[in-house]
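Single-letter residue listing:
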Amino acid sequence: MIRLPISRAASIGLGVASVLLLLLAYTWLSQRQHRLNPSDTTIPTWRQLGHGVVQAFEVNDRSQDRWVVADARATGLRLFAGLGFGVLGAVILGMAMGCFTPVEAFAYPLLSLLAKVPPTAALAVFFVLVGTDMNMYVAMIAFGILPTLAMTVFLAVKEFPEELQYKAYTLGASNMEVILSIMFRYALPRLLDSVRLMIGPAMVFLIAAEMLVGDVGFGYRIRLQSKLVNMSVVYPYLAMLAGFGYAMDFALKALQRWLCPWSFTKT
Amino acid sequence: MPSLPPDPPLALECRGVHHAFGPKRVLGDINLKVARGQFLSLVGPSGCGKSTLLRAIVGTHPPRRGQILLFRQGEPAGGCPVDGPGRDRGIVYQHYSLFPFLTAEQNVAVGLMLDRTTIPYRCFQWGKWRRLRREHCRQAAEVLVRLKLEDARRLYPQEMSGGMRQRVALAQALIMKPEIILLDEPFGALDEATREDLQNMLLELYDENVRARQQGRDPAHTLIIVTHELNEAIYVGDRVVGLSQYWDWRRAGFDQFPGSTIVYDKASPVFKPDSARRFEAFARQREEIRRAVFDPNVLQERDLHVTYWNNPPSPPAHLPPSPAP
């Protein structure tokens, strides 16, 4: 019984069943709630949810824009800029730590300390240092994901077999070539794996910060509509966040398949 | 036995090499000359410093004292002291011999890329680099075919068998045409049949040398193979050098143990590729090596079993001389 393989059809069927079960349970719950209180908005019916989606997508009377478009633009820009700077910084720091022992000795203690500070809690620091809005969010995400990513790169480079390093020298490699053409390529799949795992935390940092101080963005909208108990807008927003995270995961996996096909080969 | 030119030029020389790890002396007074075209087997008990000597020759771990000289083809005599690892010495390790992120063909071609192009060239002259790369891959494919690896071209190291990996690693070294190729227990992790296959491949390289000499050309391959397998050492090499910590250093005038030294250096019979392996044919030499190099109870004078080869340029007779004594 334990670890017994099942057919692919059965596996897909079970996966679909779990989603269907969630939807059915929700339908049953909202129907029961509406029998008790027909004007309830905490567990909206499918019809109410439809209205919520329309409300999110149509041009709003007061702000003259579409909520989803404005929020997605703000949140997306912040997230991608933050991820970009974070990954770039982590690669530079991680490679430097892995290749040069003085850098390792210098940066390691600091990095392991800073890794323990919740970036959202340090929001005020970023506000003081780099100003409001875009800069602040970007700095927060970048510093939030940097310690883990830098550590991943560092450990991957650290475990790079020294035989291969010597081999590269006997093949005429310069130091720069060993670092960029050999060691970085060796660490790349691990870095991409780690970036995939860090999308979640990065979103948590950003949404939380937007909830605290934002005036546009997914976190801001969810907080506002939650206060109004407009769950018909909140649930679609949560679904969009889930869909976005899933798509990012998928895209990064595809990127890894394209850049590092070797990491998918079986031994 | 092919006759040799009177003074084969040297490929490598170790002069008074000493090495120690802290207070522990590992290598003591190693003097070794390797002639171009020689296949030298380096044997010795575990812990005698075979790998240390090899690392010193590669240049990754320089010795405490002494010099290692490399004689490059077409360069004036005198030799260049080894200073760090470089493209003139190829190396094949037992493990981690290939870059895991490259296919067999790319692994072989990567040396040409690293040696002949630079990062700025590859980034900023992308069109030219792409054309050159195709040429590199073509050359790599040629070497792979020569080593019977055409089926492995597109495989990643993780998808290859251990024997294939070591073959590709040798191809990777061969394409650079180094002055000397160093093999550190290359077949230690392989099963018997694969091992025989690969030994045969080395004999084919030796055969290329023999033919080159017959045609009056310089032999192309010089090789040092570190092994703990005596049969392999005698079968593959044309000269067996034994490194051992068991020798009579007091009689040699040392007050304290100076480290392992060379206690055995003799020619070994040369075999044709695919010839029958009649190991009993060199049973005597095997026993001799076992006594002289491996037996902790036999402490003999260091040069009892050492042949003093004529130094170039003094003629005449040279390696490999008559079959095993």
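Provided above is the structure to which this section pertains.
Caption draft 1: Region of interest: the overall build of chain A. Each helix and strand in chain A was counted, giving ten helices and zero strands. What you see in chain A, going N to C, is helices and strands ordered as α-α-α-α-α-α-α-α-α-α. On C-alpha atoms alone, chain A measures out to a radius of gyration of 23 Å, which is more than a quarter above the 18 Å that the 2.2 N^0.38 rule sets for 267 residues. The C-alpha extent of chain A, read off along each of the three principal axes, is 75 × 55 × 30 Å.

Caption draft 2: Highlighting the interface of chain B and chain A. Taken together, the contacts link 33 residues of chain B with 23 residues of chain A. Summing the contributions of chain B and of chain A, the shared interface buries around 2400 Å²; its carbon and sulfur component is 71%. Here chain B is connected to chain A by one salt bridge. With its nearest N and O atoms 3.0 Å apart, the salt bridge here joins R122 of chain B to E177 of chain A. On the surface where chain B and chain A come into contact, there are seven residue pairs in polar contact (both at pLDDT 80 or more). For the side of chain B that touches chain A, the leading source of residues is helix α2 (residues 104–116) of chain B, giving five residues.

Caption draft 3: Structural context of the packing of aromatic side chains. One pass over the full model with this rule turns up 13 aromatic pairs over all chains. Both rings, one in F160 of chain A and one in Y186 of chain A, keep their centres 5.0 Å apart while their planes meet at 80°; by these two values the pair is edge-to-face. Linking F160 of chain A in the loop between α6 (133–158) and α7 (162–170) with Y186 of chain A in helix α8 (residues 175–213), this pair joins segments that are 26 residues apart in sequence. What makes Y186 of chain A buried here is its relative accessible area of 15%. With centroids separated by 5.0 Å and ring planes inclined at 45°, the aromatic side chains of Y235 of chain B and F271 of chain B adopt a geometry described as tilted. In this pair, Y235 of chain B is assigned in helix α7 (residues 230–236) and F271 of chain B in the loop between β10 (261–267) and α8 (283–294), connecting sequence segments 36 residues apart.

Here is what the cut-offs are and how they apply
Residues numbered from 1 in each chain as written. Chains lettered and ligands numbered in written order. Predicted model: local features only at pLDDT ≥ 70, side-chain atom pairs only at ≥ 80, totals over all residues. Heavy atoms only, no water. Helix = DSSP H or I, 4+ residues; strand = E, 2+ residues; numbered from the N terminus. Rg over C-alpha atoms; globule rule 2.2 N^0.38 Å. Contact = heavy atoms within 4.5 Å. Buried area = accessible area lost by both parts, 1.4 Å probe. Salt bridge = Lys/Arg side-chain N within 4 Å of Asp/Glu carboxyl O. Polar contact = N/O pair within 3.5 Å; in protein donor to acceptor, adjacent residues only side chain to side chain. Phe/Tyr/Trp six-rings, centres within 6.5 Å; stacked < 30°, edge-to-face > 60°. Buried < 20%, exposed > 50% of the residue type's maximum accessible area, 1.4 Å probe, protein only.

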